Amino acid sequence: MYELYSEILYRILNSVGSDAIAKDEHEGLLYYLQEAFRIENDKHILLLEKARRRKAPSVVLNINVFEAKNLKPSDPNGLSDPFCTVYLTSDSAQFHTTCIKTETLNPVWEEDFTLDFDDEETTREKLKKIKEVKGVKGIKIFMREVMSSTNDNDLIGSSLIPLKEESLKWNGKWSNSAERIITEHHVQCGLPALCVTLAEWIEYINVHVLHPLSYSIFPPLLKKLVQAIQDGTMTEEEVSKYTQSLLKM
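Residues numbered from 1 in each chain as written. Predicted model: local features only at pLDDT ≥ 70, side-chain atom pairs only at ≥ 80, totals over all residues. Heavy atoms only, no water.

### Notes on the overall build of the chain
(1) Moving on: Counting secondary structure elements, the chain contains nine helices and four strands.
(2) Moving on: The helix and strand sequence of the chain, counted from the amino end, reads α-α-α-β-β-β-β-α-α-α-α-α-α.
(3) Moving on: In the chain, once contacts between residues fewer than 6 apart in sequence are set aside, the share between residues at least 24 apart is 64%.
(4) Moving on: When the accessible surface of the chain is totalled, it reaches about 17800 Å², and 53% of it is carbon and sulfur. (Helix = DSSP H or I, 4+ residues; strand = E, 2+ residues; numbered from the N terminus. Contact = heavy atoms within 4.5 Å. Areas by Shrake-Rupley, 256 points an atom, 1.4 Å probe, with all protein chains shown as cover.)

### Quick notes on the confidence of the model for the chain
(1) Moving on: Per-residue pLDDT for the chain averages 77, and the proportion of residues at 70 or more is 73%.
(2) Moving on: The secondary structure element of the chain with the lowest average pLDDT is helix α4 (residues 123–127), at 48, and the one with the highest is helix α3 (residues 41–53), at 91.
(3) Moving on: Here residues 119–124 scores under 50 on pLDDT; set against residues more than four positions off or in separate chains, the count is 10 contacts.
(4) Moving on: The model gives residues 126–131 a pLDDT under 50, and that stretch makes 10 contacts with residues more than four places away or in other chains. (pLDDT = per-residue confidence, 0-100.)

### Observations concerning the side chain of S80
(1) Moving on: Looking at the secondary structure, you find S80 in the loop between β1 (60–67) and β2 (85–88).
(2) Moving on: Within the structure, S80 has its side chain in polar contact with the backbone oxygen of K72 (distance 3.0 Å).
(3) Moving on: Once residues lying within four places of it in the same chain are set aside, the contact partners of S80 are K72, P73, S74, D75, K101, T102, E103, T104, L105 and I156. (Polar contact = N/O pair within 3.5 Å; in protein donor to acceptor, adjacent residues only side chain to side chain.)

### Quick word on the environment of L30
(1) Moving on: Note on placement: L30 falls in helix α2 (residues 26–37).
(2) Moving on: Among the residues examined, L30 registers a relative accessible area of 6% and is labelled buried.
(3) Moving on: Each C-alpha atom, one on L30 and one on L13, is 9.6 Å from the other, the two residues being 17 residues apart in sequence. (Buried < 20%, exposed > 50% of the residue type's maximum accessible area, 1.4 Å probe, protein only.)

### A closer look at the nonpolar core
(1) Moving on: Of all hydrophobic cores here, the largest spans 13 residues; its most connected members are W201, L225, M234 and Y242.
(2) Moving on: Looking at this core, the elements with two or more residues in it are α7 (193–208) and α8 (218–231).
(3) Moving on: When neighbours within four sequence positions are excluded, M234 is seen to be in contact with L194, L198, L225, A228, I229 and V239.
(4) Moving on: Counting residues in hydrophobic clusters, the runner-up holds 12 residues, among them Y5, L9, I12 and A51. (Core = buried A, V, L, I, M, F, W, Y, C linked by side-chain atoms within 4.5 Å.)

### A word on the packing of α7 against helix α9 (residues 236–248)
Relative orientation and spacing of two packed helices are given, respectively, by the angle between their axes and the distance between those axes.
(1) Moving on: At a minimum axis separation of 9 Å, α7 and α9 run at an interaxial angle of 20°. Taken together, the axis directions place α7 and α9 in an arrangement best described as roughly parallel. You can see that α7 and α9 cross each other, and the crossing is left-handed. Residues L194, C195, L198, W201, I202, I205 and N206 of α7 lie in contact with α9, whose contacting residues are E238, K241, Y242, S245, L246 and K248. (Axes fitted to C-alpha atoms, helices over the stretch in contact; angles between N-to-C directions. Parallel < 35°, antiparallel > 145°, perpendicular 65-115°, else oblique. Left-handed = near helix turned anticlockwise from the far one by under 90°.)

### Here we look at the environment of Y87
(1) Moving on: Tracing the chain through its elements places Y87 in strand β2.
(2) Moving on: Residue Y87 is classed as partly exposed on the basis of its relative accessible area of 47%.
(3) Moving on: Between the alpha carbons of Y87 and L160 there is a distance of 10.0 Å; along the sequence they are 73 residues apart.

### Comments concerning the packing of aromatic side chains
(1) Moving on: Across all of its chains, the model carries three aromatic pairs by this definition.
(2) Moving on: Both rings, one in W201 and one in Y204, keep their centres 5.9 Å apart while their planes meet at 20°; by these two values the pair is stacked. Residue W201 and its partner Y204 are both found in helix α7; the two are separated by three residues, about one turn of the helix.
(3) Moving on: Overall, the relative accessible area of 0% leaves Y204 in the buried class.
(4) Moving on: The aromatic ring of Y10 is capped on one face by R54, whose charged end is 3.7 Å from the ring centroid. (Phe/Tyr/Trp six-rings, centres within 6.5 Å; stacked < 30°, edge-to-face > 60°. Lys NZ or Arg CZ within 6 Å of the ring centre and 35° of its normal.)

Take a look at the structure:
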C-alpha cells in the first residue's frame, strides 16, 4: 500500500499537461489522499519528502504531422517539393523534419515524431555517427537527417500552435439558467439532493475530458456518491450512470 501511496504522491507533485494540478490545490488533494489511504501523519510526511526528492519525470512531446493544403508554389513548374520541420520556439535546436514530397502543393506525410528534450543532437554530433550507417538505404536516411538541419530552403508556409492555453476551469457552480431549471425541477418533482450531486459529478466528468478542473470540488462529490452506494440509496440506473462516467473519465 505504501508503494502505491508514494507513487500517487509523486504523480501529484509532478503532474503535467492538461491535467496539471495547480500548486495551491496540492494541499487539499494531499489531505484527501491521506484520509482516503488512512496514512499516519508521520508516515505521510516521510513519504511526501521522499516523493519530492525523486527526480522529476522526463517530458516529451508527441507530434503527428498529417498534411498541408494549398501551399505556395516555389518551383518554375508551379509546384513545390515541401517538407515540414517541427520545433519549439523556446528551443529551436530541438526539431524533427518529415520526408520530402515532390511536385505537390498538397503534401500528405502522416509521420509521427517525439521531441525529447534530454536528447539534443547538433549537426556535428550527427556527423560523428557516419561510421554507424550501414547500406545504401541507411546512407540516404542519414544524409537526409544531416541536410535537413543545415540546408537553407524557401519558407512557403508556417503555423504557430500554442501548447498551453487558458482553459475553462469549472468551479462547481451552475449557470443561472441551469440553476433555475434545477430549482424548478426540485420544487415541482421533488428532485432528491443525490440526483443533483450525480448531475454535478457527470458534468465534472464531461468538462474534465477537455479541460483541467479544480480538484477542490472533486473529493466532496465523490464522497457523497460513494456513501450513497454503500448505503444502498442509489437506484440501479443511477449506479449505471455513475459507472459510465468513471469509464469516460
